[in-house]
Amino acid sequence: MKIALIGYGKMGHAIEEIALSRGHEIVCRIDKDNQDDFDSPQFKSADVAIEFTAPAVALGNYRRAFAANVPVVSGTTGWLEHLPEIKEACEQGQTFFYASNFSLGVNIFFAVNKYLAGIMNHFPQYEVSLEEIHHIHKLDHPSGTAITLAEDIISQIDSKQSWTEALPAPADAIPVVARREGEVPGTHSVTYDCPVDSIRITHEAKSRKGFALGAVVAAEFTAGKKGFLTMQDLFSFLK
């Protein structure tokens, strides 16, 4: 498979290493200094582009990839106010795979979180809260992963209607604390607390390799497909 990389920082390098180890070819590497390569024959030859950049430039990257009819797999967060535009482009023939977190372990964590929230809906004496820690280079907060966790809890617990970083949180909101420290790849914890005990589930990424592997697996799944795709589609395919 021919892969174009959009964003060639630490994640881009990690994705490249794993893609090459799985027998794929990197035909184009686009970063902030070579934006004209979106128009190159090499980029247009890609079966799929994997995009990990920053919220401010992500939408423009998607538009340029679509203009070249190259499917996109993206792990950039913080741009979701533009999601309707991306879904409309997919309805018109483009292909886009999005996940707030490509770690296979995190997506298992998502499933555990949603299942636990369904149980905890019957025990209102427990108050739920979220904490996430990421490296100091991550610009958006809370992370897309934390938002996904919070929204899945809201879908299951009747007393919670929203999430907030403003503390103290209203009774119907989930408090979310986002911390930026050193080079932490990503740690997410969901805590249910009451006067007699606490229940906590945590996912801790040990390196970027888990995210990179998930992105490459998603690219393998996306190549040759049409429409808007998510990790749910991938997991259904893997069953």
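Residues numbered from 1 in each chain as written. Predicted model: local features only at pLDDT ≥ 70, side-chain atom pairs only at ≥ 80, totals over all residues. Heavy atoms only, no water.

A. Examining the layout of surface pockets more closely. As a volume, the largest pocket reaches approximately 930 Å³. In terms of lining, the largest pocket is formed by 35 residues, of which the most central are M11, F52, T53, A54 and H135. Counting only elements with at least two residues in the lining of the largest pocket, the list comes to helix 1 (10-21), helix 3 (55-67) and helix 6 (144-154). Per-class residue counts for the lining of the largest pocket are 12 nonpolar, 17 polar and six charged. (1 Å grid on protein atoms, 1.4 Å probe; cavity = no way out; pocket = protein on both sides within 12 Å on 5 of 7 lines; lining within 4 Å. Points joined across faces, edges and corners; volume = space filled by probe spheres on them. Helix = DSSP H or I, 4+ residues; strand = E, 2+ residues; numbered from the N terminus. Nonpolar A, V, L, I, M, F, W, Y, C, P; charged D, E, K, R; others polar.)

B. Quick look at the nonpolar core. Grouped together as the largest cluster of nonpolar side chains are 27 residues, with contacts concentrated most on I3, I15, I50, F52, V73, F97 and F102. With eight residues, the single largest contributor to this core is helix 7 (residues 209-222). With residues near it in sequence (within four places) discarded, F102 still touches F52, V73, S74, G75, F97, N107, G210, F211, G214, A215, A218 and M231. A49, A68, L83 and C90 belong to the second largest nonpolar core, which has 24 residues in total. (Core = buried A, V, L, I, M, F, W, Y, C linked by side-chain atoms within 4.5 Å. Buried < 20%, exposed > 50% of the residue type's maximum accessible area, 1.4 Å probe, protein only. Contact = heavy atoms within 4.5 Å.)

C. Seen up close, the sheet that holds strand 6 (residues 127-134). Spatially, five strands are ordered 7-8-6-9-10 in an open sheet, and the strand pairing comes out mixed. Edge positions in the sheet fall to strand 7 (162-164) and strand 10 (198-204), since each has one partner strand and no second. Neighbour-to-neighbour, the strand axes of the sheet open up by a mean angle of 20°, direction not taken into account. Bridge count for strand 6 against strand 9 (residues 187-193) is seven bridges, and the pairing is antiparallel. Paired with E131 across the strands is S189, a residue of strand 9. Across the sheet, helix 5 (residues 104-120) touches strand 9 and strand 10, and the angle it forms with strand 10 is around 165°. Running at roughly 30° to strand 9, helix 6 makes contact with strand 6, strand 7, strand 8 (173-180) and strand 9 of the sheet. (Pairing = 2+ DSSP bridges. Axes fitted to C-alpha atoms, helices over the stretch in contact; angles between N-to-C directions.)

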